[in-house]
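Chain by chain, the residues run as shown.
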Amino acid sequence: MTDEPSAAETLFWALAEALQADDPGVTEGTIMRGRCLRVDGEFLALPDFKGSGMVVKLSRERVEALISEGVGRPFAPAGRVFREWVAIEKADPERWSALLQEGVALARGR
């Protein structure tokens, strides 16, 4: 058995590193016993939770739109849907970077 990171996790942390270099308020933290990104202490995103690709916190309306467009799917660990969290399965550096930046802006009320 290997603990090698998935391609999604590798991409996530590369994007996280770039985001952290530009914004000292973006830090690594923990959530659900795993590593995550936080912005000013608040949850922002986590990589590849049980094959999810990337999970990011956005507005409820934005989550619904991404799901409707087929870009994301509901995030429902243990069967409970988190309405402001969306799982983006397809590893896409441009989309993931944009969504992380959108999440930072939302967390700061922009």
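Residues numbered from 1 in each chain as written. Predicted model: local features only at pLDDT ≥ 70, side-chain atom pairs only at ≥ 80, totals over all residues. Heavy atoms only, no water.

### A look at the nonpolar core
Moving on, step 1. Of all hydrophobic cores here, the largest spans 24 residues; its most connected members are Phe12, Leu37, Leu44, Val56, Trp96 and Leu100.
Moving on, step 2. Residue assignment for this core shows that the elements contributing at least two residues are helix H1 (7–22), strand S2 (34–39), strand S3 (42–47), strand S4 (54–57), helix H2 (60–68), strand S6 (82–88) and helix H3 (93–107).
Moving on, step 3. In terms of residue count, the dominant contributor to this core is H1 (7 residues).
Moving on, step 4. Discounting residues that sit within four places of it in the chain, Phe12 has contacts with Leu37, Ala45, Leu46, Pro47, Met54, Trp96 and Leu100. (Core = buried A, V, L, I, M, F, W, Y, C linked by side-chain atoms within 4.5 Å. Buried < 20%, exposed > 50% of the residue type's maximum accessible area, 1.4 Å probe, protein only. Helix = DSSP H or I, 4+ residues; strand = E, 2+ residues; numbered from the N terminus. Contact = heavy atoms within 4.5 Å.)

### Brief notes about the packing of H1 against H3
Moving on, step 1. One way to put it is that H1 packs onto H3 with a least axis distance of 10 Å and a crossing angle of 50 degrees. Classified by the angle their axes make, H1 and H3 are oblique. For the pair H1 and H3, the crossing hand works out as right-handed. In this structure, H1 contributes Ala8, Leu11, Phe12, Leu15 and Leu19 to the contact, and H3 contributes Pro93, Trp96, Ser97, Leu100, Gln101 and Val104. (Axes fitted to C-alpha atoms, helices over the stretch in contact; angles between N-to-C directions. Parallel < 35°, antiparallel > 145°, perpendicular 65-115°, else oblique. Left-handed = near helix turned anticlockwise from the far one by under 90°.)

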